[in-house]
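Examining the three-dimensional arrangement
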Amino acid sequence: MITIENLTKYYGNNRAVNDISFTINDNEILGFLGPNGAGKSTTMNMIAGFLPMSGGKVTICGTDVTAEPVKAKKNIGYLPEIPPVYPDMKVKEYISFCAGLKRLTGSEKKSEMQRVMKLLKIEDVQNKLIRNLSKGYKQRVGFAQALLGNPKFLILDEPTVGLDPNQVIEVRNIIKDLKKEHSVIFSSHILSEVSAVCDRVVIINKGEIRAIDTIENLEKPLKNSLTLHIKVAGSKAAAAAIIGVTEGVKEISEVIDEGNNITSFTVQLSGEEEKVRDVLISECLKNNISILEIYSDKPDLEKVFVELINRPVQKASLQELLEAVVPEDKSQEADDTDEKEEN
């Protein structure tokens, strides 16, 4: 396990990371999300021991990164945002050089080099100069050095940048397979990628953590407020009446007359979408109203992400952060205050 406690980083008077805490569990894939300048790369650099922290503590398998850096870093494979490759080296030379830095020798070194080159599919370019490789292949070479020595934890900063769609899928599958023996924390701007592979996500903005949870739990609040879009041909009044009385419809939020007896409705739901759809389709057909189009705005990580990073920073539980509810003890505090005033 990696434990991050009250991690803080200042650049001069600018606070890039502000007192953040979270854990990376064994055999877990943790997504690290945030807009540009949120503090993602700074945080990952500090976890890897590459960048000194202004405050806080990072513990890897019980070892403090600051107090015992060599011992702690043995458990880490790190791929920074810009792959740390040497353009004047051949791929095989570079992999050998990195294996040596990790103190691999003899048959162990040879087998590790073969393993990572095969895994990242760079065997066919092993005798080429890195400077002559495409951006995607350079990314793979950087990823390969992170895997050398089979470290328990992998820290990957934008690992799929520069890769074509096929390569992205390959790397995504590699990350999934790595979970069997490793823990992975990786940042990405591709939210669908994070949704596909991560067990949990950490959302950060302006150096502050906005949420830590599973994607399923983060999306739950949005599932209770689905938006349904319906386009019909026929009587607008009759369609509005049917929609308005359908169980599970909270309100009709927008009506657009598109001409030619065609009307579009935007409907907020409070009930189960599938049941609402079935009733609407059935009732409209009975009343000679044709449904030309019907679809919903599905809750997804992108909407959660936008919602969270645009909310004011507050010290609150995840439930409070997502649902903007008043903590239960606030009312009790108010009662206690009233009693003190009466006394």
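These figures come from a predicted structure and were not determined experimentally.

Regarding the overall build of the chain
Broken down by element type, the chain carries 13 helices and 14 strands. The long-range fraction of contacts in the chain, counting pairs at least 24 apart against all pairs at least 6 apart in sequence, stands at 68%. On the chain, roughly 17,900 Å² of surface is accessible, and the fraction owed to carbon and sulfur atoms is 48%.

Quick word on unusual backbone geometry
One non-glycine residue, Asp 19, lies in positive phi territory at about 55°. Structurally, Asp 19 can be placed in strand β2 (residues 14–24). With a relative accessible area of 34%, Asp 19 lands in the partly exposed category.

Digging into helix α10 (residues 273–286)
Taking 1.5 Å per residue as the helical rise, α10 with its 14 residues ought to reach 20 Å, and the 20 Å between its terminal C-alpha atoms agrees with that figure. Residues Glu 273, Val 276, Leu 280 and Cys 284 constitute the buried set of α10. Seen along its axis, α10 keeps its buried residues to an arc of 65°; they face one direction. Exposed and facing more than 90 degrees away from the buried side of α10 are Glu 274, Lys 275, Leu 285 and Lys 286.

A word on the nonpolar core
In this structure, Ile 95, Val 141 and Phe 143 are the most contacted members of the largest nonpolar core, which totals 43 residues. With near-sequence residues (within four places) excluded, Ile 95 lies in contact with Met 113, Val 116, Met 117, Val 141, Ala 144, Gln 145 and Leu 148. Leu 7, Ile 47, Ala 48 and Ile 204 belong to the second largest nonpolar core, which has 28 residues in total.

A word on the pairing of strand β13 (residues 262–269)
Of all 8 residues that make up β13, 7 are buried, and the element is covered over most of its length. Note: strand β11 (residues 227–233) against β13, 7 bridges, orientation antiparallel. Looking across to β13, one finds that Lys 231 is bridged to Ser 264. Pairing of strand β12 (residues 249–259) with β13 involves 8 bridges; the strand directions are antiparallel. Its bridge partner lying in β13, Val 255 is registered against Phe 265. In this structure, the hairpin formed by β12 and β13 is closed by a connection of 2 residues, where Asn 260 is found at a positive phi of approximately 55°.

Quick word on helix α9 (residues 236–245)
For α9, the full list of buried residues reads Ala 239, Ile 242 and Ile 243. Around the axis of α9, the buried residues are gathered within 95° of arc, so they sit on the same side. The exposed residues of α9 that point more than 90 degrees off its buried face are Ala 237 and Val 245. Considering only its buried residues, α9 is in contact with β11, β12, β13 and α10.

What to know about the sheet that holds strand β4 (residues 55–60)
Strand order across the open sheet formed by 4 strands is β2-β1-β4-β5, with antiparallel pairing between neighbours. Each having just a single partner strand, β2 and β5 (63–64) make up the two edges of the open sheet. Running over the sheet, helix α1 (residues 40–47) touches β1 (2–11), β2 and β4 and is turned about 120° from β1.

Side note on the pattern of salt bridges
Counted under the stated rule, the structure contains 10 salt bridges. Among the ionic pairs, Glu 28 bridges to Arg 200, the shortest N-O distance being 2.5 Å. Residue Glu 28 is found in the loop between β2 and β3 (29–33), and its partner Arg 200 is found in strand β9 (residues 200–205); the two are separated by 172 residues along the sequence. Under the relative-accessibility criterion, Glu 28 is labelled buried at 6%. Glu 112 is the salt-bridge partner of Arg 115, the closest N and O atoms lying 2.7 Å from each other. On the criterion of helical spacing, the pair formed by Arg 115 and Glu 112 is a turn pair, its members being 3 residues apart in helix α4 (residues 106–119).

Some details on the packing of helix α3 (residues 91–101) against helix α5 (residues 135–147)
Between α3 and α5, the least distance of the axes is 9 Å, while the angle of their chain directions is 25°. As far as their axial angle goes, α5 and α3 are roughly parallel. Both α3 and α5 take part in a crossing whose hand is right-handed. Judged by residue contacts, Val 91, Tyr 94, Ile 95 and Cys 98 of α3 engage Val 141, Ala 144 and Gln 145 from α5. Of the residues assigned to the contact of α3 with α5, the class counts are 6 nonpolar, 1 polar and no charged.

Basis of the calculations
Residues numbered from 1 in each chain as written. Predicted model: local features only at pLDDT ≥ 70, side-chain atom pairs only at ≥ 80, totals over all residues. Heavy atoms only, no water. Helix = DSSP H or I, 4+ residues; strand = E, 2+ residues; numbered from the N terminus. Contact = heavy atoms within 4.5 Å. Areas by Shrake-Rupley, 256 points an atom, 1.4 Å probe, with all protein chains shown as cover. Buried < 20%, exposed > 50% of the residue type's maximum accessible area, 1.4 Å probe, protein only. Expected span 1.5 Å × (residues − 1). Arc of directions from axis to C-beta. Core = buried A, V, L, I, M, F, W, Y, C linked by side-chain atoms within 4.5 Å. Pairing = 2+ DSSP bridges. Axes fitted to C-alpha atoms, helices over the stretch in contact; angles between N-to-C directions. Salt bridge = Lys/Arg side-chain N within 4 Å of Asp/Glu carboxyl O. Parallel < 35°, antiparallel > 145°, perpendicular 65-115°, else oblique. Left-handed = near helix turned anticlockwise from the far one by under 90°. Nonpolar A, V, L, I, M, F, W, Y, C, P; charged D, E, K, R; others polar.

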